[in-house]
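Single-letter residue listing:
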Amino acid sequence: MNRVFLAGGLRSHIGIRNGIFKHIRPEVLGGRVVRTLCQKYGLQGPDALICGNAVGPGGNIGRLLLLEGGLPERVPAFTIDLQCASGLVAIHMAALSIMAGEWDVVLAGGAESASLQPQRRYADNDERSGLRNPVFTAAQFRPGEYGDDAMLLGAERAAKAAGITREEADEAALLSQERAKKAAEEGWLKDVILPLFGSSRDEALRKRMSEKLLARAPRVTDFSEGILTAANTCTINDGAAFVMLASERWLRERDLVPSAEIKGFSMIGADPAVPPLSADLAVSLLLRDKGLFYSDLDAFEYNEAFAVISADFRKKHRDVADRLNRWGGALAYGHPYGASGAEIMIHLMKILEKEDGNLGVAAIPAAGGVGEAVLIHHVDEREWTEERERHTAFSIPLEVKL
């Protein structure tokens, strides 16, 4: 199989619902990101584009996004809806296509607008129209559960199953905010964030957060003994993020040095009643398959839509707890559903680069109890050059004198 590399990526700022991007359609926002990403690498158009989207109006928004971005009509595009994991699964699918030799360069990621999320209605002859309000925004993810708050309830059940307390969740939320604030102040992500439509910052980042503010935050469910609050649950967001995946041949022909190599991925089904716990299950499966331990990895990027995700990791993996979401996670930045997979992958690449790391993993739990994880290896420019020189030496035929 062909080796697959991540050349790099770009994301928009992340807006809060009805905030900076409240009038911007997701295909327009994403179109700007992919167009600029292509320009950055001197690429007229990729071989294909794969787009994650969870709450759009339906149809093939990936194709629409590509056209809005001015990419060539010849480029095919398709859309994946695996809810929160959509963008990371898009990267998974793109990597498989390059491994198989079908394509050489693929853009993968996602775009989302919670601000423009349409309301839907069950048909009159659908039994669900009589079981609840027939107008809905969230699809059904689990048999027998129909409410728009299904993910919130799933997170509450996960917290109870994992023994996560309100204090532990609040502690995780505070740490995420503090780390993201430092990353923003230091400008560590500046070169991978594209200001668009007047945006200047990630809106969900809070300048001030404290234990007192966390303690006063209102609860967001009526779940018995629930721990979820407005402060330890991520905001609802708009945003777009894409990465460029390429084969080794394509990169070497253009003398480009990639950021990372994709070394593996896994997808697993888990208990749909507690979906937040599926991310770590996917990582466990992936590491076992690769013969690795958690201690072998330098960075973990988990999409912490709920503090229970990061709090659970810290309890299970205390020896590497400091390696999780080293620059903050979704509790600070927000969670633009279909775009989040590419967003955390971009963050992971930058963390490994700056921290001189080797291996890292990005993971997301999705509605319905599906976990997705992608393992990457940071590419050192010197090693990349030396490898090219070795290959060049082997390709020179030896002169034989008779």
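Quantities reported herein were computed from a predicted structural model and do not represent experimental measurements. (Residues numbered from 1 in each chain as written. Predicted model: local features only at pLDDT ≥ 70, side-chain atom pairs only at ≥ 80, totals over all residues. Heavy atoms only, no water.)

Draft legend 1. Representation of a positive patch on the surface in the model. On the surface, Lys181, Arg201, Lys207 and Arg208 cluster together into a patch of positive charge. You can see arginine 201 is positioned in the loop between strand S8 (193-194) and helix H7 (211-216). (Patch = residues over 30% accessible without salt bridge, like charges linked within 9 Å, V, L, I, M, F, W, Y side chains within 5 Å. Areas by Shrake-Rupley, 256 points an atom, 1.4 Å probe, with all protein chains shown as cover. Salt bridge = Lys/Arg side-chain N within 4 Å of Asp/Glu carboxyl O. Lys, Arg positive; Asp, Glu negative; His and termini not counted. Charge placed at Lys NZ, Arg CZ, Asp CG, Glu CD. Helix = DSSP H or I, 4+ residues; strand = E, 2+ residues; numbered from the N terminus.)

Draft legend 2. Just the nonpolar core, in detail. Membership of the largest hydrophobic core comes to 51 residues, with the highest contact counts inside it found for Leu6, Ile91, Leu245, Ile262, Met345 and Ile376. Core analysis: the second largest hydrophobic core is formed by 42 residues, Tyr294, Phe300, Val308 and Phe313 among them. (Core = buried A, V, L, I, M, F, W, Y, C linked by side-chain atoms within 4.5 Å. Buried < 20%, exposed > 50% of the residue type's maximum accessible area, 1.4 Å probe, protein only.)

Draft legend 3. Expanded view of the pattern of salt bridges. Under the criterion given, the structure shown has 22 salt bridges. We note a salt bridge from glutamate 261 to arginine 3, for which the minimum N-O separation is 2.9 Å. Taken together, the positions of glutamate 261 in strand S10 (residues 260-269) and arginine 3 in the segment before strand S1 (4-12) put the pair 258 residues apart, joining distant regions of the chain. Judged by relative accessible area, which is 28%, arginine 3 ranks as partly exposed. Note that glutamate 355 and arginine 326 form a salt bridge whose closest N and O atoms lie 3.5 Å from each other.

Draft legend 4. Inspection of helix H12 (residues 340-354) at higher detail. For H12, built from 15 residues, the straight-helix expectation of 21 Å at 1.5 Å per residue is met to within 8% by its first-to-last C-alpha distance of 21 Å. Counting buried positions along H12 yields 13 of 15 residues, so the element is predominantly enclosed. Following H12 by one or two positions, aspartate 356 has its phi on the positive side, about 55°. (Expected span 1.5 Å × (residues − 1).)

Draft legend 5. Here's a closer look at the packing of aromatic side chains. Per the stated rule, a full pass over the model turns up 8 aromatic pairs. Considering the side-chain rings of tyrosine 122 and phenylalanine 136, the 4.3 Å spacing of their centres and the 20° angle between planes classify their relative orientation as stacked. Separated by 14 residues along the polypeptide, tyrosine 122 in the loop between strand S6 (120-121) and helix H4 (128-131) and phenylalanine 136 in strand S7 (residues 135-136) bring together distant segments of the chain. Given the relative accessible area of 8%, phenylalanine 136 is considered buried. (Phe/Tyr/Trp six-rings, centres within 6.5 Å; stacked < 30°, edge-to-face > 60°.)

Draft legend 6. Region of the structure containing unusual backbone geometry. Of note, glutamine 83 is a non-glycine position whose phi angle comes to about 50°, a positive value. Locating glutamine 83 in the fold gives a position in the loop between strand S4 (77-80) and helix H3 (86-99). With a phi angle near 20°, tyrosine 337 is a residue other than glycine that sits in the positive phi range. Tracing the chain through its elements places tyrosine 337 in the loop between helix H11 (330-333) and H12.

Draft legend 7. Quick look at a nonpolar patch on the surface. A grouping of Phe78, Met93 and Leu96 is seen on the molecular surface, where their side chains present a nonpolar patch of about 230 Å² in accessible area. Here phenylalanine 78 shows up in strand S4.

Draft legend 8. Representation of the pairing of strand S5 (residues 105-113) in the model. Within S5, 9 of the 9 residues are buried, which leaves the element mostly enclosed by the surrounding structure. Residues Val105, Leu107, Gly109, Ala111 and Ser113 line one face of S5 and the alternating positions Val106, Ala108, Gly110 and Glu112 line the opposite face, and both faces are buried. As paired elements, strand S3 (residues 48-52) and S5 share 5 bridges and run parallel to each other. Bridged to alanine 48 within S5 is valine 106. (Pairing = 2+ DSSP bridges.)

Draft legend 9. Layout of the environment of asparagine 60. Within the secondary structure, asparagine 60 is located in the loop between S3 and helix H2 (61-68). For asparagine 60 and threonine 79, which are 19 residues apart along the polypeptide, the C-alpha to C-alpha distance reads 5.5 Å. Only 2.7 Å separates the side chain of asparagine 60 from the side chain of threonine 79, close enough to count as a polar contact. (Polar contact = N/O pair within 3.5 Å; in protein donor to acceptor, adjacent residues only side chain to side chain.)

Draft legend 10. Quick look at the state of the cysteines. Under the defined criterion, the tally for this structure stands at 0 disulfides. Of the cysteine sulfurs around cysteine 51, a residue in no disulfide, the closest is that of cysteine 38, at 14 Å. There is no disulfide at cysteine 84, and the cysteine sulfur nearest it, in cysteine 234, is 7.8 Å away. Judged by relative accessible area, which is 10%, cysteine 84 ranks as buried. (Disulfide = S-S within 2.5 Å.)

Draft legend 11. Representation of the packing of helix H6 (residues 166-186) against helix H10 (residues 307-316). Two elements in contact, H6 and H10, have axes whose closest approach is 8 Å; the angle formed by their N-to-C orientations is 100°. Put simply, H6 runs roughly perpendicular to H10. Two secondary-structure elements touch here, H6 through Glu168, Ala169, Ala172, Leu175 and Arg179 and H10 through Ala307, Ser310, Ala311, Arg314 and Lys315. In terms of residue class, the contact of H6 with H10 is built from 5 nonpolar, 1 polar and 4 charged. (Axes fitted to C-alpha atoms, helices over the stretch in contact; angles between N-to-C directions. Parallel < 35°, antiparallel > 145°, perpendicular 65-115°, else oblique. Contact = heavy atoms within 4.5 Å. Nonpolar A, V, L, I, M, F, W, Y, C, P; charged D, E, K, R; others polar.)

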